[in-house]
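Spelled out, the chains give:
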Amino acid sequence: MVSVTYQIDYLEFPSKDGLKTRRFFQEAFDWSFVSYGPTYHVIEAAGIDAGIDGDAGEAAGAPLPVVRTTDLEEAQRAVEFAGGVITRPAFDFPGGRRFHFREPGGCEMAVWVSAP
């Protein structure tokens, strides 16, 4: 039996204007970026993997902690069993698949698995 792992390994910053947020982080902290389309920017050299979601229709209302797992379906069962509520069903994105949930205290989070 393979054990499932869970590690926070990504932080996603919502932004009403992703380019302004990117420019601020670049000027304030000298971080560099890789853009995936006009509204998503991956932050490099920030000490943790992170990104800026500048799509107002997609972005969460607060920074989004993202947990990496080895088994997305098992992670969803575990989240729901522990009282979490799925707020966005599993979907594909460049690099993998993820779902969003709200834990009982109210924090929106996500769990992802890398593409095979």
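Once a new chain begins, its residue numbering starts again from 1 and follows that chain's sequence as written. Local features in this predicted model are restricted to residues of pLDDT 70 or higher, and side-chain atom pairs are both shown and tallied only at a pLDDT of 80 or more, whereas totals for entire chains, interfaces and linings draw on every residue. To obtain the side-chain values, all non-hydrogen atoms of the structure were used and water was disregarded.

### Re the overall build of the protein chain
Put simply, DSSP H or I for four residues or longer makes a helix, DSSP E for two residues or longer makes a strand, and each gets a number counted from the N terminus. Assigned secondary structure in the protein chain consists of 2 helices and 8 strands. Reading the secondary structure of the protein chain in the N-to-C direction produces β-α-β-β-β-β-α-β-β-β. Against the 2.2 N^0.38 benchmark of 13 Å for 116 residues, the protein chain shows a C-alpha radius of gyration of 15 Å, consistent with a compact globule. Viewed in the frame of its principal axes, the protein chain has a C-alpha envelope of about 45 × 30 × 20 Å. With C-alpha atoms as the basis for the radius of gyration, the globule rule is written as 2.2 Å multiplied by the number of residues raised to the power 0.38.

### A look at the UniProt feature "domain: VOC" (unreviewed entry) in the protein chain
Using the residue numbers shown here, the UniProt feature "domain: VOC" (unreviewed entry) corresponds to residues 7-114. Here residues 7-114 runs as 20% helix and 46% strand, with 13 Å between its end C-alpha atoms. UniProt positions are given in the numbering used here, feature names are shortened, and annotations may be inferred rather than shown by experiment.

### Things to note about the pairing of strand β8 (residues 108-114)
For the exposure calls, accessible area comes from a 1.4 Å probe over protein chains only, and a residue counts as buried if that area is under 20% of its type's maximum, exposed if over 50%, partly exposed in between. Most of β8 sits inside the fold, with 6 of its 7 residues counted as buried. Note on pairing: two strands pair once DSSP finds at least 2 bridges between them. Direction of pairing for strand β5 (residues 64-69) relative to β8: parallel, over a ladder of 3 bridges. Bridge pairing links R68 to W112 in β8. With 7 bridges joining them, strand β7 (residues 96-102) and β8 adopt antiparallel strand pairing.

### Regarding the pattern of salt bridges
One side-chain nitrogen of Lys or Arg within 4 Å of one carboxyl oxygen of Asp or Glu is enough to make a salt bridge. The tally for this structure, following the rule as stated, stands at 5 salt bridges. One salt bridge connects E12 with R98, and the closest N-O pair in it is separated by 3.0 Å. Placement of the pair is E12 in strand β1 (residues 6-14) and R98 in strand β7, with a sequence separation of 86 residues. As far as burial versus exposure is concerned, E12 and R98 are alike and both buried. One salt bridge in this structure joins D92 and R97, with 2.9 Å as the shortest N-O distance. Given the relative accessible area of 31%, R97 is considered partly exposed.

### Thoughts on empty space enclosed by the protein
With a 1 Å grid laid over protein atoms only, a set of points is called a cavity when a 1.4 Å probe fits there but cannot get out and a pocket when it is open yet has protein on both sides within 12 Å along at least five of seven lines; lining residues have an atom within 4 Å of a point. Grid points are joined across faces, edges and corners, and a volume is the space filled by probe spheres set on the points. Tallying each qualifying case throughout the model produces 1 cavity of 30 Å³ or more. In this structure, the largest cavity occupies an estimated 30 Å³ of space. E12, F13, P14, D53, E58, A59, A60, A62, L64 and H100 are the residues that line the largest cavity. Residue contributions to the lining of the largest cavity peak at 3 residues, all from β1.

### What to know about helix α1 (residues 18-29)
Given the number of residues in a helix, its expected span is that number minus one, multiplied by 1.5 Å. Under the 1.5 Å per step criterion, the end-to-end length of α1 is 16 Å for 12 residues, consistent within 8% with the ideal 16 Å. Residues of α1 that are buried: G18, T21 and F25. On an axial view of α1, the arc spanned by its buried residues comes to 65°, and they lie on one face. Looking at α1, the residues exposed on the side facing more than 90 degrees away from the buried face are K20 and E27. In this analysis, two residues are considered to be in contact whenever any of their non-hydrogen atoms come within 4.5 Å of each other. Here the buried face of α1 lies against β1, β2 (32-35), β3 (40-44) and β4 (50-53). Following α1 by one or two positions, D30 adopts a phi angle in the positive range, close to 60°. It is the directions from the helix axis to the C-beta atoms that the arc portrays.

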